[in-house]
Amino acid sequence: MTASGKCDIKSLQLDELQSLAQPSYRARQITDWLYKKRVNSFAEMTDLPQVLRTKLADDFSFEKIEIMRILGSTDTTRKFLFRLSDRNLIESVVIPASPALYGSPSDRRTICVSTQVGCAYGCKFCASGLDGWKRNLRPNEIVNQIMAVEKEGGERIDNIVFMGMGEPLANYDNVIRAIQIINAPWGIGIGARHITISTSGLVPEIRKLAEQPLQIRLAVSLHGASDEVRSQIMPVNRKYNLSTLLEACRYFTSRKKQRITFEYILIAEVNDSDEQARKLAKQAHALDAKINLIPYNNVEGLDWARPSPNRQKRFLAILRAAGVRATLRREKGDDIAAACGQLRLQTERAVINA
Ligand code: SAH
Ligand code: SF4
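Residues numbered from 1 in each chain as written. Chains lettered and ligands numbered in written order. Predicted model: local features only at pLDDT ≥ 70, side-chain atom pairs only at ≥ 80, totals over all residues. Heavy atoms only, no water.

**Notes on the environment of proline 235**
Move 1: Tracing the backbone through its elements, the reader meets proline 235 in the loop between helix H7 (227-233) and helix H8 (242-256).
Move 2: Note: C-alpha distance between proline 235 and glycine 122 (113 residues apart in sequence) is 6.9 Å.
Move 3: Residues in contact with proline 235, not counting those within four places in the same chain, are Tyr121, Gly122, Cys123 and Lys124. (Helix = DSSP H or I, 4+ residues; strand = E, 2+ residues; numbered from the N terminus. Contact = heavy atoms within 4.5 Å.)

**Observations regarding the site of ligand 1**
Move 1: As a structural note, the neighbourhood of ligand 1 is formed by 19 residues, with Phe125, Gly166, Ser198, Ser221 and Asn297 the closest of them.
Move 2: Taking glycine 166, its main chain carries an N or O atom lying 2.9 Å from a nitrogen atom of ligand 1.
Move 3: In this structure, an oxygen atom belonging to ligand 1 sits 2.7 Å away from a side-chain N or O atom of serine 198.
Move 4: Burial of ligand 1 by the surrounding chains reaches 95%, relative to a free accessible area of 530 Å². (Near = heavy atom within 4 Å. Polar contact = N/O pair within 3.5 Å; in protein donor to acceptor, adjacent residues only side chain to side chain. Areas by Shrake-Rupley, 256 points an atom, 1.4 Å probe, with all protein chains shown as cover.)

**Points about the pattern of salt bridges**
Move 1: Enumeration over the complete set of coordinates arrives at 16 salt bridges.
Move 2: Here glutamate 16 makes a salt bridge to arginine 177, at a shortest N to O gap of 2.7 Å. Pair noted here: glutamate 16 is in helix H1 (residues 14-20) and arginine 177 is in helix H5 (residues 172-183), with a separation of 161 residues, a long-range link.
Move 3: Accessibility expressed as a relative area gives 27% for glutamate 16, which makes it partly exposed.
Move 4: With a shortest N-O distance of 2.6 Å, arginine 78 and glutamate 152 are connected by a salt bridge. With arginine 78 in strand S4 (residues 78-83) and glutamate 152 in helix H4 (residues 139-153), this pair connects stretches of sequence that are 74 residues apart.
Move 5: We classify arginine 78 as partly exposed; its relative accessible area is 28%.
Move 6: Via salt bridges that share partners, Glu63, Asp86, Arg135, Arg138 and Glu141 belong to a single interconnected network. (Salt bridge = Lys/Arg side-chain N within 4 Å of Asp/Glu carboxyl O. Buried < 20%, exposed > 50% of the residue type's maximum accessible area, 1.4 Å probe, protein only.)

**Regarding unusual backbone geometry**
Move 1: Of note, the bond from glutamine 22 into proline 23 is cis; its omega dihedral lies within 30 degrees of zero at -10°.
Move 2: Structurally, proline 23 is set in the loop between H1 and helix H2 (25-36).
Move 3: Not every positive phi belongs to a glycine, and arginine 87 is a case in point at roughly 75°.
Move 4: Of note in this structure, glutamate 269 is not a glycine but carries a positive phi near 65°.
Move 5: Taking relative accessible area as the criterion, glutamate 269 reaches 77% and is therefore assigned exposed.

Below you can see the structure in the form of C-alpha cells.
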C-alpha cells in the first residue's frame, strides 16, 4: 500500500493485471505502457478504453520518484538522491563500465539500489544504519530507481546490485516482487544472472532464496572471518554466527549450482590481520566462493580508517596464495560519499541543521 492507501500499478505482476483487466491482452498493453513506452500516467495509455483508464486511476496509485540531487564523481560514478512520495530520502549509485564487479565481463552499467529507508542492522562501518530503520520500500519504489536513472542518463542499465541502503532480505517479499518485474520480458527484462542480492547474513532468508526458482546471484557481507571479529563489526553475527551463516551459504551454492561472492570491507587494525586473511581464505575455498575486498570508506562520525595500500595488497596476496579468487576494489565514488547511506545522512543532517 502506498501513502494514498492504494496499491501502486508498478507493484503488480502480469498475472495480477490479467485478473483485473479483461480481455487478458489488456494486461500486456498496460505493461507495455509502463515498462516499454514508460509513460507517467494512466491518461497516456491511449489504446485502453476510457472506462478502464478511469478504473485503473481509481483503484491504483501511479507514484513517481523525484530526483533531488545527482552527484558526479571524478571517476564517472554517479550518485542519485531520490525523494519518495512520503518525502523520505533514498539513494542509488550508478557505476559505469565495471567489468571487475559482478556478472560477466561485458557488463556495462551497474546500478546499486536501495531496499529500505535506513537499516535496522546497525553495522558499525555503515552510514545507512546510523539513524536506524524507517520503513521498507515497496516494489514500485525499487523498480522506479532503475527507471529514473535510465531516463535521466538516456541509457539502459545492464546490471543490478541490491547493495544500497537497507537489508534486502529483511524486505524479502517486496524485493522478490521487484526482481520479478525487473527480470520479466514484459517488465524491464534484465537477466537474473545480472541481478545480485547482497545480505548481511540473514540465514533463514538465504535458505528461502536458495529454494526460489530465479537464478539471481548472492553476495554475502562477511567483513570478519571469526565470530569475535565479525560480532564487533556486525551485530547480526550474534543472531546468526559464522558457522550457521556458512552452512546456509553452502546450501545456497549447492541448491543453485552457483558460486557466491563474499564482500569484505578492509578496516585498519579491526579485520585486516594476516590471521583473518588466512581464515577467510579457508572459508572461501571450502565454498569455492569469490572474494571482493573493499577498502573502508570514511564515514562522518565514525573513527575507523582504511588500511594502507601495502596492507590491502598483503591481505589480497594471502588470499590469492591460498588459491582463492579475490579482487581488491578500488573504491569508486569516494569523493561523492558513494558508500550507500552517506549522502542521505549528509542531506538530512544539513536539512536538520539549516
Ligand atoms: N545490507 C546489505 C546490502 C548492502 S549494505 C549488506 O549488508 O550486504 C551497504 C554496502 O555499502 C556494504 O556492503 C558495503 O559494500 C558498502 N559500504 C557501506 N559502508 C561502507 C564503508 N564505510 N566503506 C566501504 N563500503 C561501505
Ligand atoms: Fe544495514 Fe547492510 Fe549497512 Fe549493515 S551494511 S547497516 S545490513 S545496510
